[in-house]
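Per-entry structural report
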Amino acid sequence: AQKVTQAQTEISVVEKEDVTLDCVYETRDTTYYLFWYKQPPSGELVFLIRRNSFDEQNEISGRYSWNFQKSTSSFNFTITASQVVDSAVYFCALSEGRSSGSARQLTFGSGTQLTVLP
Amino acid sequence: NAGVTQTPKFQVLKTGQSMTLQCAQDMNHEYMSWYRQDPGMGLRLIHYSVGAGITDQGEVPNGYNVSRSTTEDFPLRLLSAAPSQTSVYFCASSYRRGTSTDTQYFGPGTRLTVL
């Protein structure tokens, strides 16, 4: 069975601070995919990144960066120089790498509410 | 492209009523799914479909039915609404490509309250 744990329920930072959101996952599959989604106050789910289990390179996109470490089963998300607009709930999710339909099921963590104060 | 659309955005039902949440996508995606979001629990899969005429159950299917008569539409039916079904419902779709698991894109959600 798959499991995603986001231990940080709520985080509050002051604008321009860096913040890291933790994600720890469990899976028995050797091939899998990891995702981060952002849910702003308006409620929609916005895709941020997808990572497959064979690619452990860290990725940077503007102020966002992701650190994938298979050795610790973690896929952490860092926002550099946070802004008020970054305030949202962030979800980490996992899916298996098989081609069958059930493999596309996303297992979500419970989310981290990030509040960036001006 | 409109992407994934859901209607209605808000709905209030009384216990025992039935209704259908609509979901449509115009991206020719083969895979569609329904999730519910409850406070502190992330999103959980209700039902999914890998193509027209094919559906299967997810983690929390009880009390819900689905059908997939076309590639574009994937309605979710609540047979007899219960207060435990008060939640935000998201529809998602993704394109099926061989052995690759593709990114699921989500609709704007339907906020359902059952009194």
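See above for the structure.
Here we summarise the structure given alongside this text. Here the residue numbering is sequential within each chain, running from 1 through the sequence in written order. Chains and ligands are labelled by the order in which they are written, letters from A for the one and numbers from 1 for the other. Reporting of local features is limited, given that this is a predicted model, to residues whose pLDDT is at least 70; pairs of side-chain atoms are given and counted only at 80 or more, and all residues count toward the totals for whole chains, interfaces and linings. The side-chain numbers reported here are obtained from all heavy atoms of the structure, hydrogens and water having been left aside.

Another aspect to go through is the environment of Gln37 of chain B. Here Gln37 of chain B is to be found in strand β4 (residues 31-37). Residue exposure (1.4 Å probe, protein chains only): buried if accessible area is under 20% of the type maximum, exposed if over 50%, otherwise partly exposed. Assessed through its relative accessible area of 15%, Gln37 of chain B is described here as buried. Separated by 29 residues in the primary sequence, Gln37 of chain B and Val66 of chain B place their C-alpha atoms 18 Å from one another. Among all residues touching Gln37 of chain B, those that are not within four sequence positions of it are Gln39 and Phe91 of chain A together with Gly42, Leu43, Ser87, Val88 and Phe90 of chain B. Think of a polar contact as two N or O atoms within 3.5 Å of one another; within protein, one of them needs to be a possible hydrogen donor and the other a possible acceptor, and neighboring residues in sequence only count if both atoms come from side chains. For Gln37 of chain B, the side chain forms a polar contact with the side chain of Gln39 of chain A, separated by 2.9 Å. Counting from the N terminus, the helices are the DSSP runs of H or I reaching at least four residues and the strands are the DSSP runs of E reaching at least two. By definition, residues are in contact when any of their heavy atoms lie within 4.5 Å.

Glancing now at the pairing of strand β10 (residues 88-96) of chain A. Residue and element names in this part refer to chain A. In terms of burial, β10 is largely enclosed, as nine of its nine residues are buried. Residues Ala88, Tyr90, Cys92, Leu94 and Glu96 point to one face of β10 and Val89, Phe91, Ala93 and Ser95 to the other, with burial holding for every one of them. A pair of strands is labelled paired if DSSP reports no fewer than 2 bridges between them. Inspection of the sheet shows strand β5 (residues 32-39) paired to β10 by eight bridges, in the antiparallel sense. Within β10, the position partnered with Phe35 by the bridge is Ala93. Across three bridges, β10 lies against strand β12 (residues 112-117) in antiparallel orientation. Among the inter-strand pairings, Ala88 is bridged to a residue of β12, identified as Leu114. Sheet analysis places β10 next to strand β11 (residues 107-108), joined by two bridges and oriented antiparallel. If you follow Leu94 over to β11, its bridge partner there is Thr107.

Moving on, we get to the nonpolar core. Residue and element names in this part refer to chain A. Ranked by size, the top nonpolar core spans 23 residues in total, and within it Trp36, Phe77, Tyr90 and Leu114 carry the most contacts. Every element with two or more residues in this core is listed here: β2 (10-14), β3 (19-21), β5, β8 (64-69), β9 (74-79), β10 and β12. Ranked by residues supplied to this core, first place goes to β10 with four residues. For our purposes a nonpolar core is just a set of buried Ala, Val, Leu, Ile, Met, Phe, Trp, Tyr and Cys residues, chained together by side-chain atoms within 4.5 Å.

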